[in-house]
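A structural walkthrough
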Amino acid sequence: MCDVNHQGFTRPGYLIDVKAESIAAEGALFTRALAHHDDAGLTADQIRGLLDISRDYHAEQLTIRLRMAQLGEQAEQKRGRLTPERLAERKALLDERAELFRADEELFFTYAARGQDLLTDEQLELISDIYHAEKDEGLSALERALSAAIGPNYQLTRTVAL
């Protein structure tokens, strides 16, 4: 059972609440592979290729996200009453923003596939193992921090007359 409460799939009792937002990486790709290039056995050509892919991805993503921000600003309700006419004026803005959101997601998959094409199956597996080990370490630290933040479960073992 997933213990993350993804918005839009609300169920009470989850440990962590997160917004349902883009799964596209923010600005850079293959950061873990590049950070562990020695462990993953990346060649100089692979490193340059991944850096080029990450740079190109970031540039295209920035264009998309800036346009999304512009559309969000234009669609925002700043003054006055929301009338049916004002809502209708925003439909084209919202439609374009939805298309850009999808483009952002597709961009991620396109560039991720390009980067994976540069790596061997063994390198991908090793990078995946590194990612999961780092993630588990981070979650373990979070668990310890949350456990420390919660007071101990005291129980009264006998009645004391006052």
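Heads up: the structure comes first, above all this text.
On a predicted model such as this, the values are computed, not experimentally measured, just so you know.

What counts and what doesn't
- Residues numbered from 1 in each chain as written.
- Predicted model: local features only at pLDDT ≥ 70, side-chain atom pairs only at ≥ 80, totals over all residues.
- Heavy atoms only, no water.
- Helix = DSSP H or I, 4+ residues; strand = E, 2+ residues; numbered from the N terminus.
- Buried < 20%, exposed > 50% of the residue type's maximum accessible area, 1.4 Å probe, protein only.
- Polar contact = N/O pair within 3.5 Å; in protein donor to acceptor, adjacent residues only side chain to side chain.
- Patch = residues over 30% accessible without salt bridge, like charges linked within 9 Å, V, L, I, M, F, W, Y side chains within 5 Å.
- Areas by Shrake-Rupley, 256 points an atom, 1.4 Å probe, with all protein chains shown as cover.
- Salt bridge = Lys/Arg side-chain N within 4 Å of Asp/Glu carboxyl O.
- Lys, Arg positive; Asp, Glu negative; His and termini not counted.
- Charge placed at Lys NZ, Arg CZ, Asp CG, Glu CD.
- Contact = heavy atoms within 4.5 Å.
- Core = buried A, V, L, I, M, F, W, Y, C linked by side-chain atoms within 4.5 Å.

Observations regarding the side chain of Gln123
Within the secondary structure layout, Gln123 lies in helix α5 (residues 121–149). According to the relative accessible area criterion, Gln123 is buried, its value standing at 7%. Within the structure, Gln123 has its side chain in polar contact with the backbone oxygen of Ala40 (distance 3.3 Å). A distance of 2.8 Å separates polar atoms of two side chains, one belonging to Gln123 and the other to Gln46.

Let's talk about a negative patch on the surface
A grouping of Asp121, Glu122, Glu125 and Asp129 is seen on the molecular surface, where their side chains present a negatively charged patch. Mapped onto the secondary structure, Asp129 falls in helix α5.

What about the side chain of Glu105?
You can see Glu105 is positioned in helix α4 (residues 84–117). Among buried charged residues, Glu105 stands out as having no salt bridge; its nearest opposite-charge side chain is Arg65, 6.1 Å away. Excluding residues that lie within four positions of it along the chain, Glu105 makes contacts with Ser22, Ile23 and Ala24.

Section: the nonpolar core
Judged by nonpolar contacts, the single largest core of 21 residues is most densely connected at Leu29, Phe30, Leu50 and Tyr57. When residues of this core are traced back to their parent elements, those giving at least two are α1 (31–35), α3 (44–75) and α4. In terms of residue count, α3 provides more of this core than any other element does, seven residues in total. Residues within four places of Leu50 in sequence aside, it is in contact with Phe30, Ala33, Leu34, Leu42, Gly115, Leu118 and Leu119.

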